[in-house]
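Spelled out from the first residue to the last, the chains are:
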Amino acid sequence: MNASQIESFFATLQAANPMPVTELEYTSVFELLAAVLLSAQATDVGVNKATRKLFPVAGTPQKILDLGLEGLEGHIKTIGLYRSKAKHLMQTCQILVEQHGGQVPRTREALEALPGVGRKTANVVLNSAFGEATMAVDTHIFRLGNRTGLAPGKTPFEVEQKLLKRIPANYLVDAHHWLILHGRYVCQARKPQCPQCAVAAYCDFKPKTL
């Protein structure tokens, strides 16, 4: 993709969805952090199903701690790897209460110091909660970056850095959401929906599906 194609690519995605948001359901920064932590190797639909029952009961770090580990596990046991996620979330809540006054920190360093929170989760929180121009590279964005020619790379970090460099600044804050949604519903792994793709004309992918 050249600069002109990238501009057209994102202008088209923006026109179709001017205000994209994450499909995870949350009402506070902490709920977003917890939902993203729980979403590793799980679907947003599955996480939302669990958090709709969890968050009304325990929507703050202290209330999660008050639930106890077994209580938390009972609320999220429908999510894959729920035992390790429950442990990480409890540890994270303990740190938030003891070191951050129960609030979610706004720096990458402090976020990545939380158990179960890696670079991708930190990027989601920084972008969705605090409006920073970060790029959380999940499997959809990694695939899309390579397939389309937008940001080819061998690792998620390499793709992330190329995306940050190549995407025009005026699209950068929302680009993460547009790319995830496009990868999830159109540029799918096994059979990309090229005939229905609004940005196919700007894409490098040659064997476009009929």
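Remember, it's a predicted structure, so these values are computed and weren't measured experimentally.

Let us look at helix α8 (residues 139–148). Burial of α8 is extensive: seven of the 10 residues sit out of reach of the surface. Along α8, the residues classified as buried are His140, Ile141, Arg143, Leu144, Gly145, Arg147 and Thr148. Looking at the buried positions of α8, the neighbouring elements they touch are α1 (3–16), α9 (156–166) and α10 (172–185). Where α8 starts, the residue carrying a side-chain oxygen 3.1 Å from the main-chain nitrogen of His140 turns out to be Asp138.

UniProt tags Cys187, Cys194, Cys197 and Cys203 as "binding site: [4Fe-4S] cluster" (unreviewed entry). Taking the farthest pair of C-alpha atoms as the criterion, the annotated set spanning 17 residues converges on one region, since that pair is 10.7 Å apart. Position of Cys194 relative to the elements: it lies in the segment after α10. Relative to the assigned elements, Cys197 resides in the segment after α10. Look past the residues within four positions of Cys197 in its chain and what remains in contact with it is His182 and Val186.

Look at helix α3 (residues 44–57) against helix α4 (residues 61–76): their axes get within 11 Å of each other, and the N-to-C directions meet at 160°. Looking at the two axes, α3 sits roughly antiparallel to α4. For the crossing formed where α3 meets α4, the hand is right-handed. Judged by residue contacts, Ala50, Lys53, Leu54 and Val57 of α3 engage Lys63, Ile64, Leu67, Leu72, His75 and Ile76 from α4. Taken together, the residues of the contact of α3 with α4 break down into seven nonpolar, one polar and two charged.

Domains assigned within the protein are domain 1 (3–20 + 134–202) and domain 2 (29–128). Spacing between the C-alpha centres of domain 1 and domain 2 amounts to 27 Å. Between domain 1 and domain 2, the residue contacts involve 12 residues of the former and nine residues of the latter. Approximately 770 Å² of surface area, both sides summed, lies buried where domain 1 meets domain 2, with 44% of it carried by carbon and sulfur atoms. Of all residues in domain 1, the largest losses of buried area upon contact with domain 2 belong to Thr134, Ala136 and Glu160, amounting jointly to 49% of the total for that side. Where domain 1 meets domain 2, there are two salt bridges. Between Glu160 and Arg119 there is a salt bridge; the shortest N-O distance is 2.8 Å.

Conventions we followed
Here the residue numbers are simple positions, counted from 1 along each chain's written sequence. Only residues with pLDDT of at least 70 are given local features in this predicted model, and only at 80 or more are side-chain atom pairs given and counted; all residues enter the totals for whole chains, interfaces and linings. Side-chain descriptors were evaluated using all non-hydrogen atoms of the structure, hydrogens and water having been removed beforehand. Relative accessibility under 20% of the residue-type maximum defines a buried residue, over 50% an exposed one, and the middle range a partly exposed one, all with a 1.4 Å probe and only protein chains included. Strands here mean DSSP runs of E at least two residues long; helices mean DSSP runs of H or I at least four residues long; both are numbered from the N terminus. Contacts: residue pairs with any heavy atoms within 4.5 Å of one another. What qualifies as a polar contact is a pair of N or O atoms within 3.5 Å, subject to a donor-acceptor requirement within protein and to the restriction that residues adjacent in sequence count only when both atoms come from side chains. UniProt positions are given in the numbering used here, feature names are shortened, and annotations may be inferred rather than shown by experiment. Each axis is a line fitted through C-alpha atoms, taken for helices only over the stretch in contact, and angles between the N-to-C directions span 0 to 180 degrees. An angle below 35 degrees is read as roughly parallel, one above 145 as roughly antiparallel, one from 65 to 115 as roughly perpendicular, and any other as oblique. Here a crossing is taken to be left-handed if its near helix is turned anticlockwise relative to the far helix by less than a right angle, and right-handed if that turn runs clockwise. Polar here means any residue outside two lists: the nonpolar Ala, Val, Leu, Ile, Met, Phe, Trp, Tyr, Cys and Pro, and the charged Asp, Glu, Lys and Arg; Gly therefore counts as polar. Segment limits for the domains were obtained from an automatic or database-derived domain assignment. Each of two parts loses accessible area, computed with a 1.4 Å probe, when they are put together; buried area is these two losses added. What counts as a salt bridge is simple: a side-chain nitrogen of Lys or Arg found within 4 Å of a carboxyl oxygen of Asp or Glu.

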